[in-house]
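# Chain and residue survey
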Amino acid sequence: MHLSRLLALALAAAACLAPATGLDRPFPPVRGEAPTPERVELGRLLFFDPVLSGDRSLSCAHCHRPELAFSDGRKTALGAGGAQLARNAPTLYNAAFKESLFWDRRAGSLEEQALGPLLASDEMAADPAVVVARLAAIPEYARRFEAAFASEAEPLSFGNVVRAIASFERTLVSQDSRYDRFARGDRSALDASERRGLTLFRSLNTRCFECHQLPTFEAPLAMGVGVPSSDRGIGGAHGRPGQDGLFAIPTLRNVAVTAPYMHDGSLATLDEVVAFYRKGGGRPLGVEPGRIHEHVRPFDIRDDEARDLIAFLHALTDESARPETPAAVPSGLPVLRERRFASSEETRP
Amino acid sequence: MNKFRTILTGLALAGVLVAPPAEAATTIRVHAGESISAAIEKAEAGATIEVEPGVYHEALTIDTPGITLRGIVKGTQRPVLDGEGKLNDGVIASGSPFTMTGFGVKHYKGNGVSAQGVDGVYLSDLVVDDAGLYGVYPVQSRNITITHCTVTRIVDAGIYVGESNHALVAYNEVHHNVAGIEIENTNDAIVRDNLTYENTAGILVFVLPGKRQKEGKRTRVFRNWSIRNNTPNFGDPHSIVGQLPEGIGIMVMGADDTVVEDNWVKDNQSVGILVNRLAKEHAQKDERLEPFADRNQIRFNYVLENGRKPHALFQEQLGQGGDFAWDGTGDGNCVSLPDQAVHAGAPLPACPEAAPAPTEREESALPTVAPQAAEPAVIPEGSAVVQIRGMRYEPMHLTIAVGQTVTWVNEDGVTHTVTSGDGTMPVPGPLASSFLEKGQIYSHTFDDRGNYEYLCLPHIGQIGMREATITVQ
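Residues numbered from 1 in each chain as written. Chains lettered and ligands numbered in written order. Predicted model: local features only at pLDDT ≥ 70, side-chain atom pairs only at ≥ 80, totals over all residues. Heavy atoms only, no water.

Turning to the domain arrangement of chain A, a few remarks are in order. Residues and elements named next belong to chain A. Parsing chain A into structural domains produces domain 1 (37-169) and domain 2 (178-314). The gap between the C-alpha centroids of domain 1 and domain 2 is 28 Å. At the junction of the two partners, domain 1 supplies 22 residues and domain 2 supplies 25 residues. Of the roughly 1800 Å² buried at the junction of domain 1 and domain 2 (both faces included), carbon and sulfur atoms supply 59%. Linking domain 1 to domain 2 there are 1 salt bridge. Across the pair Asp231 and Arg87 runs a salt bridge whose closest N-O atoms are separated by 2.7 Å. Along the contact surface separating domain 1 from domain 2 lie 7 residue pairs in polar contact (both at pLDDT 80 or more). Residues belonging to the side of domain 1 that touches domain 2 are distributed by class as follows: 7 nonpolar, 6 polar and 9 charged. (Domains from an automatic or database assignment. Contact = heavy atoms within 4.5 Å. Buried area = accessible area lost by both parts, 1.4 Å probe. Salt bridge = Lys/Arg side-chain N within 4 Å of Asp/Glu carboxyl O. Polar contact = N/O pair within 3.5 Å; in protein donor to acceptor, adjacent residues only side chain to side chain. Nonpolar A, V, L, I, M, F, W, Y, C, P; charged D, E, K, R; others polar.)

This part is about the pattern of salt bridges. Under the criterion given, the structure shown has 50 salt bridges over all chains. One salt bridge in this structure joins B:Lys109 and A:Asp300, with 3.7 Å as the shortest N-O distance. Within this pair, whereas B:Lys109 is found in the loop between strand E8 (98-106) and strand E9 (111-116), its partner A:Asp300 is found in the loop between helix H12 (270-278) and helix H13 (303-314), the two belonging to separate chains. Within this structure, B:Arg29, B:Glu50, B:Glu52, B:Arg70 and B:Lys74 form a network of salt bridges that share partners. (Helix = DSSP H or I, 4+ residues; strand = E, 2+ residues; numbered from the N terminus.)

Our next topic: the nonpolar core. Counting residues in hydrophobic clusters, the biggest one holds 126 residues, and the most contacted among them are B:Ile36, B:Leu81, B:Phe98 and B:Met100. Residues contacting B:Met100, with those up to four places away along its chain left out, are B:Leu69, B:Leu81, B:Val91, B:Val105, B:Val113, B:Tyr122, B:Leu123, B:Ser124 and B:Leu126. Within the second largest apolar cluster, 40 residues are counted, among which are A:Leu92, A:Ala114, A:Leu135 and A:Phe158. (Core = buried A, V, L, I, M, F, W, Y, C linked by side-chain atoms within 4.5 Å. Buried < 20%, exposed > 50% of the residue type's maximum accessible area, 1.4 Å probe, protein only.)

Turning next to the sheet that holds strand E35 (residues 405-410) of chain B. All names here are of chain B. Taken in spatial order, the 4 strands line up as E33-E32-E35-E38 in an open sheet, and their pairing is mixed. Looking at which strands have only one partner, the edges of the open sheet turn out to be strand E33 (393-394) and strand E38 (441-445). In this structure, strand E32 (residues 384-388) lies alongside E35, joined through 5 bridges in parallel fashion. Residue pairing across strands places Ala384 opposite Val406, the latter belonging to E35. (Pairing = 2+ DSSP bridges.)

What follows concerns the state of the cysteines. In the structure shown here, the tally under the stated rule is 1 disulfide over all chains. Residue pairing for B:Cys334: its cysteine sulfur links by disulfide to B:Cys351, the two sulfurs lying 2.2 Å apart. Linking B:Cys334 and B:Cys351, the disulfide has an S-S dihedral of approximately 95° and is accordingly described as right-handed. One end of the pair, B:Cys334, is in strand E30 (residues 334-335); the other, B:Cys351, is in the loop between strand E31 (343-345) and E32, with 17 residues separating them in the sequence. Judged on exposure class, the residue B:Cys334 and its partner B:Cys351 are both buried. A:Cys211 provides the cysteine sulfur closest to A:Cys208, a residue in no disulfide bond, and the two sulfurs are 8.9 Å apart. You can call A:Cys208 buried: its relative accessible area is 17%. (Disulfide = S-S within 2.5 Å.)

Okay, the interface of chain B and chain A next. Between chain B and chain A, the contact holds 50 residues from the first and 50 residues from the second. Between chain B and chain A lies a buried interface of about 4100 Å² when both sides are counted; carbon and sulfur atoms form 50% of it. Its salt-bridge partner being B:Glu41, residue A:Arg195 comes within 3.0 Å of it at the nearest N-O pair. Counting across the interface, chain B meets chain A through 27 residue pairs in polar contact (both at pLDDT 80 or more). At the level of secondary structure, the elements contributing two or more residues to the side of chain B that touches chain A comprise helix H1 (3-13), helix H2 (36-42), strand E7 (89-93), E9 and strand E11 (134-139) of chain B. A total of 5 residues in the side of chain B that touches chain A trace back to one element, the largest contributor, which is H1(B). Considering only residue class, the side of chain B that touches chain A consists of 18 nonpolar, 18 polar and 14 charged.

All names here are of chain B. Per-residue pLDDT for chain B has a mean of 90; in total, 92% of the residues score no lower than 70. Considering only residues more than four positions removed or in separate chains, one finds that residues 1-22, a stretch of pLDDT under 50, has 25 contacts. The ipTM for the predicted assembly is 0.91, set against a pTM of 0.91. (pLDDT = per-residue confidence, 0-100.)

Let us now look at the packing of aromatic side chains. Residue and element names in this part refer to chain A. What the rule picks out here adds up to 23 aromatic pairs over all chains. Relative to Tyr93, the ring of Phe70 lies with its centre 5.3 Å away and its plane at 80°, an arrangement referred to as edge-to-face. Of this pair, Phe70 sits in the loop between helix H3 (60-63) and helix H4 (110-119) while Tyr93 sits in the loop between H3 and H4, and the two are 23 residues apart along the sequence. The exposure classification of Phe70 matches that of Tyr93, with both residues buried. Ring plane angle 80° and centroid distance 5.9 Å describe the contact between Tyr179 and Phe312, whose orientation is recorded as edge-to-face. (Phe/Tyr/Trp six-rings, centres within 6.5 Å; stacked < 30°, edge-to-face > 60°.)

Residues and elements named next belong to chain A. Between helix H9 (residues 192-201) and H13, the shortest axis-to-axis distance is 7 Å and the interhelical angle comes to 95°. As judged from the angle between their axes, H9 and H13 are roughly perpendicular. Between H9 and H13, the residues in contact are Ser193, Glu194, Arg196, Gly197, Leu198, Leu200 and Phe201 and Glu305, Asp308, Leu309, Ala311, Phe312 and Leu313, respectively. A per-class count over the contact of H9 with H13 returns 7 nonpolar, 2 polar and 4 charged. (Axes fitted to C-alpha atoms, helices over the stretch in contact; angles between N-to-C directions. Parallel < 35°, antiparallel > 145°, perpendicular 65-115°, else oblique.)

Before going further, it helps to spend a moment on the side chain of A:Gln243. With respect to the helices, strands and loops of the structure, A:Gln243 is situated in the loop between helix H11 (234-238) and strand E2 (247-249). The exposure class assigned to A:Gln243 is buried, which follows from its relative accessible area of 0%. A distance of 3.2 Å separates polar atoms of two side chains, one belonging to A:Gln243 and the other to A:Arg240. Aside from chain neighbours lying at most four places away, what touches A:Gln243 is A:Arg232, A:Ile234, A:Gly235, B:Gln284, B:Lys285, B:Asp286 and B:Glu287.

All right, on to the sheet that holds strand E34 (residues 397-400) of chain B then. All names here are of chain B. Sheet architecture is open: 5 strands sit in the order E34-E40-E39-E36-E37, paired in mixed fashion. Single-partner strands in this sheet number two, and they are E34 and strand E37 (425-426). Across 4 bridges, E34 lies against strand E40 (residues 468-472) in parallel orientation. Bridged to His397 within E40 is Thr469.

What follows concerns H13(A). Residues and elements named next belong to chain A. Taking 1.5 Å per residue as the helical rise, H13 with its 12 residues ought to reach 16 Å, and the 17 Å between its terminal C-alpha atoms agrees with that figure. All of the buried residues along H13 are Glu305, Ala306, Asp308, Leu309, Ile310, Ala311, Phe312 and Leu313. As for H13, its buried residues are in contact with helix H8 (178-183), H9 and H12. (Expected span 1.5 Å × (residues − 1).)

Note on placement: B:Thr424 falls in the loop between strand E36 (419-422) and E37. Judged by its relative accessible area of 30%, B:Thr424 falls in the partly exposed class.

The omega torsion of the bond from A:Ala259 to A:Pro260 falls at -10°, within 30 degrees of zero and hence cis. On the secondary structure map, A:Pro260 appears in the loop between E2 and H12. B:Pro97 follows B:Ser96 through a cis peptide bond whose omega is -15°. Turning to its location among the elements, B:Pro97 is positioned in the loop between E7 and E8. With phi around 50°, B:Asp125 is a residue other than glycine that occupies positive phi space. Residue placement: B:Asp125 occurs in strand E10 (residues 119-129).

Next comes the structure, spelled out in structure tokens:
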């Protein structure tokens, strides 16, 4: 947490003299190596720079857009050449706290994760040697790697590209939503409907809280809710019998900004998500019952209660750590340029 | 506290729990017809909220630390939270610690009382009926005591403790639920002196997949009564508990280092005490879970007449029901059975003489809240009186007229009950007090002639505490 944020927090606490509530739970420690300012800034530039992709057209930010809480607004992401990828691009906020990454939990660190899209032939299709050569030819990058990894024999390496990006991602924390202020004791931070929604979220009727756990609103567990799709999820990635159809529990922080939802983006709105859970997730949709966790079952709430629940989900938005999108990146390539594909109707960036 | 210090403290503690202020705790009184939620809203950390008898159609959410919800019990009158089948949960608490005594809780859709992530959960003298999925539900909590509660007609577990550490569940009466008491992925729980009957299964010590806390170790189950748990399962067929076959007294599934000792386990049609693994189809959902039940000690228990009409599932897997059954998996389990007991399934060695290792924290380190009548107990006019003192009912045998009331008064410093009995066995009958603390009373009016025998559940072994009678002429 930034010192300024800490101070603001302390002052807020002093101002209303409210003791924290029982909802005020400590976040887990940020995982992995501690970021330094040089690496974070370098990582930010690399995150937005299409120079990392084979054809110099695609950056991380194309699929993780800062104004959409680092999701992309699409059902499933658009890869190289407009290829429709299999999964929805998740938010990157609070990824720093996660024990594993990807919908199927196949990466154990942000560094390992970043190699995925960088090397995938249908995503950024980067060749490590080519990337290093390209970056070395750009004086600003050479200088920034030199400064960020000063003590190392080879400051500019593919491994350090990944480390810098991961350092940047570790600054993308979201823990000052109106819900957090309420948890810290500011009772005016949530209105009556949002508070009812919070209570409903913690009800044994809905059981949302048992999977989307405080304070991160995710949990390092493999769970099935029964989204009908042919994606084997965790069973496919790890080859473990009985885990087909199970997925990571996604965080709900900033969820109001990251539509559409689920691993395949099949639910367009939070209304659709709540309607899905109310009917028992995939139970009425012909999904094999063994793939659906016992906590997901039809529950009976009124329509106004469903609205309260959705209102509460909106109170989980905090984008105060949103970084600035650089006006230009050291490669000189355009930042977030719209991609056009002959084969695809989709032309949005 | 001066402002400067507040800022410093705030700085030091920002992001972590801030201790409740040290000012003297306040007490707020809620009268019948007023709102308990409004009192909770006003309450500061550490406050006690006293609630007068009455019916309250409210769902309470308690996030302030250190709240005590104290129902004022006047004879048979107490405050009742009634969700009328429309509200979701009776109580959801997140503030630490949380104390609640002296309430009725009924007709909720979700749950009776749940404590989520609380350090210090003290629940006592709650009467929970038909309150949804669970009666009382501390989860991801620690230092829990649940005593003197009566929990009935619950669709999953009457009393549940999950993903928690250090819990005492004692002197509760739990019947007509799917599961009576369920200790799930919890370490160092003590389950003693409870009466569980006519559930689908009496007492469960389980390890289930999909939880952050993967283990369930060192639960001690002793001096409980687990009787006639033969109610057909009315739970959610998609849940693991909802799939349990009826007729189970005590079941240890996947848990380790459990000690089951000195319990009365009788008339459970499928199996008295069962030790088994978590089924593969569930276990494979969580590769970090160890699904086998290891080093469990089923020491001496009064297991009688169980397994007489086993559910088809047991018939199929074990060929028979029994007083005890083991599925043959897991290491280091043992059982010591009375001579006449029927052992179904795989054979097991007898338990060592030496007492098992104690739990990590002694029971005395868990403070319990004694249920207390705020007003002195009133003996109904014209009632005959039986005193309970020095481990005796006085008089042991009393003759009264039809229509007369008898009141028992506990004058001992220990917990007693007045429970219909036959020799040393509790039986269904008109006398069914809850667990009585010192100073508490129990009254019953006898409208029919006859001879009514009774006993004290926690003290069946004492000569003066069983085979007592009321003769109605």
